[in-house]
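# Residue-level structural notes
These are the residues of each chain, in order.
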Amino acid sequence: MIRIENLEVDLGSFSLRRIDLDIGRGEFFILLGPTGAGKTVLLEAVAGLLPVTGGRILADGQDITALPPEKRGIGIVYQDYALFPHLSVMENIRFGLRYTRMEKQKEASWVEGLVQRLGLDKLVHRQVSRLSGGEKQRTAVARALAVKPAVMLLDEPLSALDPNFRQDIRNLLKQIHTEFGMTILMVTHDFSEVLELGSRMAVLNNGLIEQSGTVDRVFSRPATEFVARFLGNAAPTETPGPHMPR
Amino acid sequence: MALFVKTGSLSPARALMWACSLAVVAIIVVPLAQMVVQPSWQDLRDCLRDRQVLGAIGLSLEAAAMAAAISLVCGTPFAYLLARKEFAGKKLAESIIDLPIMIPHPVIGIAILAVASPDHWLGKFMLEAGIEIMGSLTGIVAVLTFVGLPFYVNTVKNGFEAVDQRLENVARSLGASFGSAFVRVTLPLAWRSMLAGVIMCMARALSEFGAVVIVAYHPMIASVLIYERFTAYGLKYSQPVAVVLILISLLLFVMMRMVGKPRGKGP
C-alpha cells in the first residue's frame with residue numbers, strides 16, 4: 001500500500017536518513033521512538049507536508065513523492081487535534097467534503113452515520129473550544145475519516161488525552177481499523193498502544209530506522225543495542241497481551 | 001496593589017512605577033489636549049467650512065487608504081512568506097522591511113525622487129508611461145506606502161505566525177489546495193491582524209510629513225497644510241486644521257477597531 005524507499009528529509013538542524021518501510025493494505029503500523037527521533041517529520045513527509053530531499057514514496061505502486069498533499073488521499077490526525085477553531089464540530093467534519101466527488105445524498109447519510117458512529121451527534125453544533133479532550137479527538141478522527149482517505153496517519157493521538165478517554169479512543173481506533181479496513185500509520189511512544197493496536201512496527205531513532213518487523217519480533221528480538229535498551233528499560237503500562245514478549 | 005490597599009501607602013518602587021506611568025500619559029495627552037481645547041468653536045466651524053482644509057484632509061485619507069490597500073495586496077503574501085518559510089537571506093529581508101522606520105523621513109523623499117528622476121531607468125520608464133511622481137497623488141501614495149509597509153507587514157506576519165501551521169497541514173490533507181487552505185483556514189483566523197495592519201499602515205501614512213513635503217508639496221495633504229498655515233500665519237491658524245484631522249482620524253480608527261473586535265469569546 002505505502003512503500004517508502006530510501007527516503008531523506010533534510011530540515012537543517014535535523015534530518016531523516018535512508019528510511020525504508022513497507023506498509024501493507026489494511027495494516028495497523030506503529031512507528032515507535034523517543035522524543036525527537038523524527039516520527040512526526042516522517043509522517044509529515046509521507047503526507048506531503050514536508051519537502052523530501054531524496055528517495056521515493058509509493059502508494060499502490062504509484063510514485064506520489066512529488067504530489068501535493070491534497071492529491072495523496074492521506075489523512076493526518078495530530079496529537080493536539082488541530083481542529084479549526086473558527087468552525088463548529090460539524091463544519092470541521094464536513095471541511096474536506098467539498099473536495100470529494102461524493103453525491104450530496106450519499107454525503108449527508110455518510111456524515112450522519114459517521115457522526116453517530118463516533119458519538120458526536122449531540123455535539124455537532126458546538127464550537128470546538130467547548131469540547132473535552134476525548135470529544136476533540138473523536139472530532140479530529142471523524143474529520144479525517146469523512147473524506148475516506150486510503151491511509152490515515154495518527155501522530156500520538158492518545159498522548160494528550162486524559163487516561164479516562166484514552167481507552168475509549170483506543171477502542172475506537174481498533175474498531176475504525178477493522179470496520180473501514182483502513183491502512184493506519186500511527187506514531188506513539190507508549191508500549192501498551194503498540195501491543196494493543198499494532199501488527200507491525202518500526203523503531204525510529206535520531207532520524208534512522210533502527211528496526212522494523214512484526215511487533216512480536218521487534219520486542220522479542222531487538223536488532224540493535226538501542227532497540228534493546230529502548231524496549232527493555234520501559235515496562236509495558238498494561239497487562240501483557242497476546243503479543244507481549246515472554 | 002494589595003500592599004497599597006492594606007497599608008494605604010506606596011512602596012518607593014510602586015511610587016516610581018505610577019509616577020513614570022503618569023508621566024508617559026502626560027507627555028502624550030497634555031500637548032494634544034492643549035491643541036484640542038485651544039481653538040474656539042468659531043475657529044473649528046470656520047475650519048470645517050474651509051474647502052482647502054476639507055480637500056487636504058480628504059486627500060490625506062484617500063492617499064493613506066490607497067497606501068494601505070497597496071500594502072494589503074503586496075504585503076500580505078510577503079508577510080505570509082516571512083511567517084511560514086525559512087530561506088537564505090530571511091533576516092536581511094526582515095531588516096530591509098524595517099528600514100523605513102529607521103531612515104529620516106526627508107531621506108525617504110529624496111530617495112524616491114532620485115528613483116523617479118529621468119536619469120534613473122525606472123524614472124525614465126515611468127516618464128514614458130506618463131506616471132508622474134513629483135507633485136502628484138501618485139508620488140504621495142508612493143511615499144506613504146514606503147513608510148506604511150513595515151507596519152503592515154510586521155503586524156500581519158505576527159498574525160500569521162499565531163495561526164498554527166498544522167491547521168493548514170490538516171486542511172491540505174483533507175483535499176484543500178494551498179490557496180483554498182489559506183482562504184478557508186488562515187484568513188478567517190488572521191483577518192483581524194490584517195485589519196490591525198491596515199489601521200497601523202493608515203495611521204502611519206496619515207501622520208507622514210517629512211517625506212511628502214519633498215516629493216509633493218502640492219497637491220497638499222493635511223500635514224503639509226498644517227505646516228504651511230503654521231509657517232505663514234502662526235499657531236492660531238494651524239491648530240484648528242490639526243484638531244479636525246485628529247478627530248476625523250480618531251473616528252475612523254475607532255470604527256475600524258469596532259469592526260475588528262472579536263464577538264464573544266475567541267477560540
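Predicted model only: the values in this text are computed from it and were never measured. (Residues numbered from 1 in each chain as written. Chains lettered and ligands numbered in written order. Predicted model: local features only at pLDDT ≥ 70, side-chain atom pairs only at ≥ 80, totals over all residues. Heavy atoms only, no water.)

### Focus: the overall build of chain B
Put simply, the rule is: Labels follow the DSSP assignment, with helices taken as runs of H or I lasting at least four residues and strands as runs of E lasting at least two, numbered in each case from the N terminus. Between buried and exposed lies partly exposed: a residue is buried under 20% and exposed over 50% of the maximum accessible area for its type, with that area taken using a 1.4 Å probe on protein chains only. Only the protein chains shown count as covering a residue, and every accessible area follows the Shrake-Rupley method with a 1.4 Å probe.
On a plain count of helices and strands, chain B comes out with 13 helices and zero strands. Starting at the N terminus and walking to the C terminus, you meet the elements of chain B as α-α-α-α-α-α-α-α-α-α-α-α-α. Put simply, chain B has 267 residues, and 39% of those count as buried. Roughly 14,800 Å² of accessible area belongs to chain B as shown, and the carbon and sulfur atoms make up 71% of that amount.

### Observations regarding the sheet that holds strand β3 (residues 28-32) of chain A
Residues and elements named next belong to chain A. Keep this limit in mind: Strand pairing is assigned whenever DSSP identifies at least 2 bridges connecting the two strands. Only the contacting stretch of a helix is used when fitting its axis, a line to C-alpha atoms as for every element, and angles between N-to-C directions run 0 to 180 degrees. The contact definition used throughout considers only heavy atoms, calling two residues in contact when any of these lie within 4.5 Å.
Strand order in this open sheet of six strands is β6-β7-β8-β3-β9-β10, and the pairing throughout is mixed. Edge strands, defined here as strands with exactly one partner in the open sheet, are β6 (74-77) and β10 (208-214). Between one strand axis and the next, the sheet turns through 15° on average, direction left out of account. Where helix α1 (residues 39-47) meets the sheet, its contacts fall on β3, β6, β7 (151-155), β8 (183-188) and β9 (200-205), and the angle it forms with β7 comes to roughly 155°.

### Looking at the interface of chain B and chain A
Convention followed: When two parts are put together, the accessible area they lose, computed with a 1.4 Å probe and summed over both, is reported as buried area. For this analysis, a salt bridge means a side-chain nitrogen from Lys or Arg found within 4 Å of a carboxyl oxygen belonging to Asp or Glu. As used in this structure description, the phrase polar contact means that two N or O atoms lie within 3.5 Å; if the pair is within protein, one of them must be able to donate a hydrogen and the other to accept it, and residues adjacent in sequence are counted only when both atoms belong to side chains. Each residue is assigned to one of three groups, with Ala, Val, Leu, Ile, Met, Phe, Trp, Tyr, Cys and Pro labelled nonpolar, Asp, Glu, Lys and Arg labelled charged, and all others, Gly among them, labelled polar.
Between chain B and chain A, the contact holds 18 residues from the first and 23 residues from the second. Summing both sides of the interface, chain B and chain A together bury roughly 1,900 Å²; the carbon and sulfur share of this comes to 65%. When the area that chain B buries against chain A is broken down by residue, the three leading residues are R166, L174 and R184 of chain B, summing to 35%. At the junction of chain B and chain A, the tally comes to two salt bridges. The shortest N-O distance in the salt bridge between D80 of chain A and R166 of chain B comes to 2.7 Å. Joining chain B to chain A, the criterion identifies seven residue pairs in polar contact (both at pLDDT 80 or more). Elements with a minimum of two residues in the side of chain B that touches chain A: α9 (165-173) and α10 (178-207) of chain B. Looking at the side of chain B that touches chain A residue by residue, the classes come out as ten nonpolar, five polar and three charged.

### Here we look at the side chain of S60 of chain B
All names here are of chain B. Note that S60 resides in helix α4 (residues 51-84). Residue classification places S60 among the buried residues on the basis of a relative accessible area of 3%. Beyond its immediate sequence surroundings of up to four residues, S60 is in contact with L206, I221, A222 and S223.

### Observations regarding the sheet that holds strand β1 (residues 2-10) of chain A
Residues and elements named next belong to chain A. Pairing is antiparallel across the open sheet formed by four strands, whose spatial order is β2-β1-β4-β5. Across the chains shown, the open sheet's two edge strands, defined by having one partner strand only, are β2 (15-23) and β5 (62-63). Across five bridges, the pairing between β1 and strand β4 (residues 54-59) is antiparallel. Considered in β4, the bridge of E5 is made with R56. Seen against the sheet, α1 touches β1, β2 and β4 and runs at an angle of roughly 115° to β1.

### With respect to the layout of surface pockets
Note the cut-off: Both site types are read off a 1 Å grid over the protein atoms alone. A 1.4 Å probe that fits but cannot get out defines a cavity, while an open set with protein on both sides within 12 Å along at least five of seven lines defines a pocket; lining residues have an atom within 4 Å of a point. Grid points are joined across faces, edges and corners, and a volume is the space filled by probe spheres set on the points.
There is about 680 Å³ of room inside the largest pocket. Along the wall of the largest pocket there are 23 residues; nearest its centre are L49 and L50 of chain A together with R84, K85 and Q165 of chain B. Within the residue set of the lining of the largest pocket, elements represented by two or more residues are α4, α9 and α10 of chain B. Among the elements that make up the lining of the largest pocket, the one with the highest residue count is α9 of chain B (five residues).

### Observations concerning a nonpolar patch on the surface
For the record, the criterion: Every patch collects residues that have over 30% relative accessible area and no salt bridge, joining them within 9 Å if they carry like charges and within 5 Å if they are nonpolar side chains (Val, Leu, Ile, Met, Phe, Trp, Tyr).
Taken together, the side chains of V24, V25, I27, I28, V29 and L32 of chain B define a hydrophobic patch exposed on the protein surface, amounting to about 550 Å² of accessible area. Position of V24 of chain B among the secondary structure elements: in helix α2 (residues 12-37).

### A few points about the pairing of β6 of chain A
Residue and element names in this part refer to chain A. Both faces of β6 are covered, namely the face carrying I74 and I76 and the face carrying G75 and V77. Both β6 and β7 contribute to a ladder of four bridges, which runs parallel. The partner of I76 across the bridge, within β7, is L153.

### Digging into the pairing of β7 of chain A
All names here are of chain A. Across the five residues of β7, five count as buried, placing the element largely inside the fold. Burial of the side chains of β7 extends over both faces: V151, L153 and D155 are buried on one face and M152 and L154 on the other. Of the pairings in the sheet, the one linking β7 to β8 comprises five bridges and is parallel in character. What sits directly across from L154, in β8, is M186.

### Looking at the nonpolar core
Just so we agree on the cut-off: The definition of a nonpolar core used throughout is a set of buried Ala, Val, Leu, Ile, Met, Phe, Trp, Tyr and Cys residues joined through side-chain atoms within 4.5 Å.
By size, the foremost hydrophobic cluster in this structure holds 103 residues, and its most contacted members are L42, F84 and L153 of chain A together with F160 of chain B. Excluding its chain neighbours within four sequence positions, the residues that come into contact with L42 of chain A are I4, L7, L16, I19, L21 and L31 of chain A. Counting 50 residues, the second largest nonpolar core, distinct from the first, contains L83, W110, A146 and L161 of chain A.

### So, the confidence of the model for chain B
Residue and element names in this part refer to chain B. Selection rule: pLDDT measures the predictor's confidence residue by residue and takes values from 0 up to 100.
Residue-level pLDDT values for chain B average 90, and 94% of them are 70 or greater. Counting interchain partners and residues more than four positions distant, the pLDDT-below-50 stretch residues 1-5 has seven contacts. Both confidence scores are given for the complex: pTM 0.85, ipTM 0.88.

### Focus on the packing of α4 of chain B against α10 of chain B
Residue and element names in this part refer to chain B. To keep it simple, the criterion reads: Note on convention: the crossing is left-handed when the near helix lies turned anticlockwise from the far helix by less than a right angle, right-handed when the turn is clockwise.
Close contact between α4 and α10 brings their axes to 9 Å; oriented N to C, the two are set at 140°. Classified by chirality, the crossing of α10 by α4 is right-handed. Along its contact with α4, which presents S60, L61, A64, A65, A67, A68, S71, L72, T76 and Y80, the element α10 presents F178, F182, T186, M194, V198, C201, M202, A205 and L206. In the contact of α4 with α10, the residues fall into 15 nonpolar, four polar and no charged.

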